[in-house]
Amino acid sequence: MFLIEISNVSKKFSNSTTEIDAVKNVSLKINKGEIFGIIGLSGAGKSTLIRCLNRLEEPTEGHILIDGVDLINLDKKDLRKERKEIGMIFQHFNLLSQKNVYDNIALPLQLEKMDKAKIDNRVNELLEYVDLKDKKHSYPSELSGGQKQRVAIARAIANNPKILLSDEGTSALDPKTTKSILNLLKKIRDELNITIVMITHQMEVVKEVCDRVAIMENGQVIEENTVENLFKEPKTKIAKTFINSLQGNIEDEIIHPNDFQGKLIRLSFLGNSAKKPIVSKVIRNFNIDINILSGNINKLQSTNVGHLVLELIGEDEEINKVFLFLKNEDVHVEVI
Ligand SMILES: Nc1ncnc2c1ncn2[C@@H]1O[C@H](COP(=O)(O)OP(=O)(O)OP(=O)(O)O)[C@@H](O)[C@H]1O
Ligand SMILES: [Mg+2]
């Protein structure tokens with residue numbers, strides 16, 4: 001069974017003059033223990049969708065099942081209970097500035113009316129877990145962005161939730177701090193078995209920690225894929241754009257098929273096929289010349305994925321044989 005089932009969720013915002021379909025008929029199923037990414041450009045509907053997951057936003061239509069329980073059918077009291085299973089972090093941390101680190105983390109436990117000694121134990125345990133023991137008495141204004149997010153994470157997992165939602169949790173951080181927060185999130189998933197749904201507009205984040213990803217555009221999910229397959233065979237143009245942005249790759253701008261006589265192809269290979277001497281095999285076995293135009297490799301969670309853009313110069317018949325050969329070697333070929 002899936003831990004989270006979003007089925008046919010839509011959200012309309014309307015006022016007297018306009019109507020906005022922020023989320024349109026989205027269905028997603030997320031496994032327990034998964035880190036699931038939702039990526040999209042600004043305004044795509046990501047925050048609205050993730051806020052529907054804990055009913056911070058009421059969906060206009062659809063159902064949200066958490067461990068089989070439909071949140072939409074719950075009354076206020078039961079919803080409050082179910083919400084304890086869902087922690088959330090934000091881009092701008094949302095800490096209480098007049099409270100110190102200890103009290104920020106203690107807050108959800110106080111709301112649960114936990115007794116003082118237990119709260120003290122739990123907060124100290126959490127401070128240790130997020131590596132902030134020495135900041136216990138500091139105020140948010142005295143912390144760096146990364147430290148603030150660690151406090152927010154400790155607060156979000158204080159009640160042992162099943163799910164952690166992150167709405168651009170690393171977007172305000174520099175690359176090195178982003179990495180350390182992503183490592184903390186991975187640790188939380190691995191050790192505490194908390195399922196994480198992360199919204200981001202950074203492909204770097206998806207590459208670094210996600211198992212699967214949904215791409216949103218204009219309120220809709222237009223592609224759902226494993227991160228491996230997203231890199232190997234992106235289905236949509238926007239997915240390709242996100243991947244290119246990651247590689248700092250200006251391939252699309254500088255490689256125009258019309259500028260070349262031969263056939264331009266982009267090869268994508270995963271894991272083991274990335275280690276084989278594919279190009280030299282092609283040159284040796286077929287009557288063909290090859291011009292290498294660009295290449296890169298990305299390290300994903302589970303494997304590596306490589307891309308090569310080649311110009312093949314030779315007879316069509318020979319080129320077709322090359323395509324067949326590459327397919328048998330488990331290399332994905334796209335003609336540009
Ligand atoms: N409370 C609201 N009232 C009216 N319109 C809203 C409201 N919240 C969001 N919208 C609109 O819904 C659409 C989706 O917004 P949303 O914040 O979900 O996008 P997003 O993908 O999170 O963007 P960003 O990456 O900039 O955070 C936008 O057109 C936005 O203007
Ligand atoms: Mg947003």
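How each quantity is defined
- Residues numbered from 1 in each chain as written.
- Chains lettered and ligands numbered in written order.
- Predicted model: local features only at pLDDT ≥ 70, side-chain atom pairs only at ≥ 80, totals over all residues.
- Heavy atoms only, no water.
- Near = heavy atom within 4 Å.
- Polar contact = N/O pair within 3.5 Å; in protein donor to acceptor, adjacent residues only side chain to side chain.
- Areas by Shrake-Rupley, 256 points an atom, 1.4 Å probe, with all protein chains shown as cover.
- Nonpolar A, V, L, I, M, F, W, Y, C, P; charged D, E, K, R; others polar.
- UniProt positions renumbered as here; feature names shortened; annotations may be inferred.
- Helix = DSSP H or I, 4+ residues; strand = E, 2+ residues; numbered from the N terminus.
- Buried < 20%, exposed > 50% of the residue type's maximum accessible area, 1.4 Å probe, protein only.
- Contact = heavy atoms within 4.5 Å.
- Pairing = 2+ DSSP bridges.
- Axes fitted to C-alpha atoms, helices over the stretch in contact; angles between N-to-C directions.
- Expected span 1.5 Å × (residues − 1).

### As for the site of ligand 1
Here is step 1: Surveying the vicinity of ligand 1 reveals the residues Phe13, Ile20, Ala22, Leu41, Ser42, Gly43, Ala44, Gly45, Lys46, Ser47, Thr48 and Glu168.
Here is step 2: One nitrogen or oxygen atom from the main chain of Gly45 is found 2.9 Å from an oxygen atom belonging to ligand 1.
Here is step 3: Compared with its free state, where it exposes 640 Å², ligand 1 has 59% of that area covered by protein.
Here is step 4: Of the residues assigned to the shell around ligand 1, the class counts are five nonpolar, five polar and two charged.

### Looking at the UniProt feature "domain: ABC transporter" (unreviewed entry) in the protein chain
Here is step 1: UniProt tags residues 4-243 as "domain: ABC transporter" (unreviewed entry).
Here is step 2: The span residues 4-243 is 38% helical and 28% strand by assignment, and the distance between its end C-alpha atoms comes to 27 Å.

### Quick word on the side chain of Gln149
Here is step 1: Counting through the fold element by element, Gln149 comes out in helix α5 (residues 145-157).
Here is step 2: Looking at Gln149, the relative accessible area reads 0%, which means it is buried.
Here is step 3: For Gln149, the side chain forms a polar contact with the main-chain oxygen of Phe90, separated by 2.8 Å.
Here is step 4: Discounting residues that sit within four places of it in the chain, Gln149 has contacts with Ile89, Phe90, Gln91, Phe93, Gly169 and Ile181.

### Thoughts on the sheet that holds strand β6 (residues 86-90)
Here is step 1: An order of β6-β7-β8-β3-β9-β10 is seen for the six strands of this open sheet, with the pairing classed as mixed. A single partner strand is all that each edge strand has here, and the edge strands are β6 and β10 (220-226). If you compare each strand with its neighbour and ignore which way they point, the axes differ by 15° on average.
Here is step 2: Alignment of strand β9 (residues 212-217) against β10, held across six bridges, turns out to be antiparallel. For Ala214, the partnering residue across the bridge sits in β10 and is Glu224.
Here is step 3: This element, α5, spans β6 and β7 (163-167) of the sheet and lies at about 165° to β6.

### Considerations on α5
Here is step 1: In this model α5 runs 18 Å from its N-terminal to its C-terminal C-alpha over 13 residues, within 8% of the 18 Å that 1.5 Å per residue would give.
Here is step 2: Counting buried positions along α5 yields ten of 13 residues, so the element is predominantly enclosed.
Here is step 3: Those residues of α5 not exposed but buried are Gly146, Gln149, Arg150, Val151, Ala152, Ile153, Ala154, Arg155, Ala156 and Ile157.
Here is step 4: Tucked inside the fold, the buried residues of α5 contact β6, α3 (101-111), α4 (116-129), β7 and α6 (175-192).

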